[in-house]
Structures are given as C-alpha cells and as structure tokens.
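Single-letter residue listing:
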Amino acid sequence: IMKTTGEELDVDIYMTSYQEQMLRLALQRHFETEKVNFCNRTYKIKTLALFFIDDITSYRVGNDGKYPYLLAKFEKLLKEQIEKTIVSLDSHDKEYKKYLEASLADISACHAGYFSQDNSDSDEDIAKEVDIILNGKKQLLSFVNEKGGYNTLRFLFSKWTLKEGWDNPNVFQICTLKQSSSDVRKRQEVGRGLRLCVNQNGERMDINALGNDVHNVNVLTVIASESYDSFAKALQTEL
C-alpha cells in the first residue's frame, strides 16, 4: 500500500541542500516506522529503507581514499537521528534501545550498497555486502547476525532498481535522490516496496495474520522530488 500525503519539505536553500532535507526526512520517517515494527508485541518486523542515487562515487570510497560527500552526510544525519530516537524512548523500550545503541556503535554496519560496477570489484568487503543484498534475504531480514549480535543493516543504496528478480518484502521506505524521468523507471523503483512484509518467523503479514490492521502495517513511504507527484497519484488510483 503506498501512502502519499503531498507533504512538502521545509527547505532553506541558504542553510542546507534539498538532498540533505530529503535524507533528513527519510531517516525521521524510517525510525518512526521501525520503532513500531520492532516494539510491537504481536509481531516483530525488520524495517528496510532503499535509497536511489545518481552517482556511485557519492557513496563508494574511491581509490584515492576520499570519503564520498553523500555517504558522509548520510552517516552524520543517521547518527543524529539515532541519538534523537534513543532520547525519546520510554522505559519499556529497552530492547529497541539496545538495538539503536548497537547501531550507534558502528554506523557503517547500518548501510550497504549495490551497483553494477560491484560485479567486477575485487574488494572482499564490498563483495560480501553485495552478496547479502542480492542473495541473503533471510540474513538481511534478521535482527541477529552470524556472530549472535545485532544485525543493524537496514539502509540500502543503489543507482538503479537492483538486480532483476531481487525481491525483499520489508522495504518500508524509498527515497529517490536521483531524477527519474521515465514512468517505467519510477514504477520499477516504487515496485520494490509494494510487497506484504514478513515477521521474524518468515510469516507473511497479510490479512490472515493482521486482520484489518494489515493496511496500517503494510505502508510504503516514498520521498521524492515533484516529478513523482502526478505519477504517484496515477499509480495510487490504479492500485
């Protein structure tokens, strides 16, 4: 279910960039959803967010070792939003607080990317994160890593719509930091989030599991430029 509200960003072009405002709003919305999905006593759902970007060099560290501007900005904003979320938690959200503290301890472990150039990359770390994104659905959707600690990976970056056939049901948010002129391309991007999610037991959170609450749980947030407006309205009507 895609929910469009027509919410506009409060942008001061002299203080910050439009892209930064989109990242900030995306992270704010993500943690609002994640808290509900993590703390619910009936179900526990891993919440993923997908970011589409224009240029791989804005995310991947190059041969010169220089830290990419978009990655630096994202990690800074992510750290700030996690700290804000921790402060806002109640005393009964102890487990979620531990999960956020684990995220704060290693911000780089919270995100990963997949780009076409990665297919020929010899970097073992990149190859590992690409394999998790493309083939490790069960691992990606778990809150526990292979060492028994918290699996904090839930922010995914790509330039296009990932590999054909890639399907992850727990993408609750899509943020397009790139211009998509084609409606076909937009449909492919949004389609990555139009899935019924699964809980930690792999059970589909459909009407049989949630009843009337199915529409409140399976909500996709799309944060995009104005070019998405007419497309989103047309797609919502079609759905």
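See the structure shown above.
All values derive from a computational prediction rather than experimental measurement. Here the residue index of a chain counts from 1 through its sequence in written order. Only residues with pLDDT of 70 or above have their local features reported here, since the model is predicted, and side-chain atom pairs are shown and tallied only from 80 upward, although totals for entire chains, interfaces and linings are computed over all residues. Think of the side-chain values as coming from all heavy atoms in the structure, minus any hydrogens and water.

Overview of the packing of helix H1 (residues 18-39) against helix H3 (residues 94-105)
- Interaxial distance between H1 and H3 falls to 10 Å at its minimum, and their mutual angle equals 130 degrees. As the angle between them shows, H1 and H3 are arranged oblique. Both H1 and H3 take part in a crossing whose hand is right-handed. Facing Phe 31, Glu 34, Lys 35, Phe 38 and Cys 39 of H1, the residues of H3 in contact are Glu 95, Tyr 96, Tyr 99 and Leu 100.
- Classifying every residue of the contact of H1 with H3 by side-chain character gives 6 nonpolar, no polar and 3 charged. Note on definitions: angles span 0 to 180 degrees between N-to-C directions of axes, and those axes are lines fitted to C-alpha atoms, for helices only across the stretch in contact. What counts as a helix is a DSSP run of H or I of at least four residues, what counts as a strand is a run of E of at least two, and both are numbered from the N terminus. Here the angle decides the label: under 35 degrees means roughly parallel, over 145 means roughly antiparallel, 65 to 115 means roughly perpendicular, and every other value means oblique. A crossing counts as left-handed when the near helix is turned anticlockwise from the far one by less than a right angle, and as right-handed when that turn is clockwise. Pairs of residues are marked as contacts when any of their non-hydrogen atoms sit within 4.5 Å. Lys, Arg, Asp and Glu make up the charged group, whereas Ala, Val, Leu, Ile, Met, Phe, Trp, Tyr, Cys and Pro make up the nonpolar group; the residues left over, Gly among them, are polar.

Considering the pattern of salt bridges
- We define a salt bridge as a side-chain nitrogen of Lys or Arg found within 4 Å of a carboxyl oxygen belonging to Asp or Glu. If you walk through the whole model with that rule in mind, you get 11 salt bridges.
- Salt-bridge contacts for Lys 79 lead to Glu 83; the nearest nitrogen and oxygen are separated by 2.7 Å. Taken together, the positions of Lys 79 and Glu 83, both in helix H2 (residues 69-88) and 4 residues apart, correspond to about one turn of that helix.
- Buried means the residue's accessible area, taken with a 1.4 Å probe over protein chains only, is under 20% of the maximum for its type, while exposed means over 50%, and partly exposed covers the values in between. The exposure class assigned to Glu 83 is partly exposed, which follows from its relative accessible area of 33%.
- Notably, a salt bridge pairs Lys 128 with Glu 146, separated by 3.7 Å at the nearest N-O pair. Taken together, the residues span a long stretch of sequence, with Lys 128 in helix H4 (residues 124-135) and Glu 146 in the loop between helix H5 (137-140) and strand S4 (155-158) at a distance of 18 residues.
- When its relative accessible area of 55% is taken as the criterion, Glu 146 is described as exposed.
- Through salt bridges with shared partners, a single network forms among Glu 20, Arg 24, Lys 73, Lys 76 and Glu 80.

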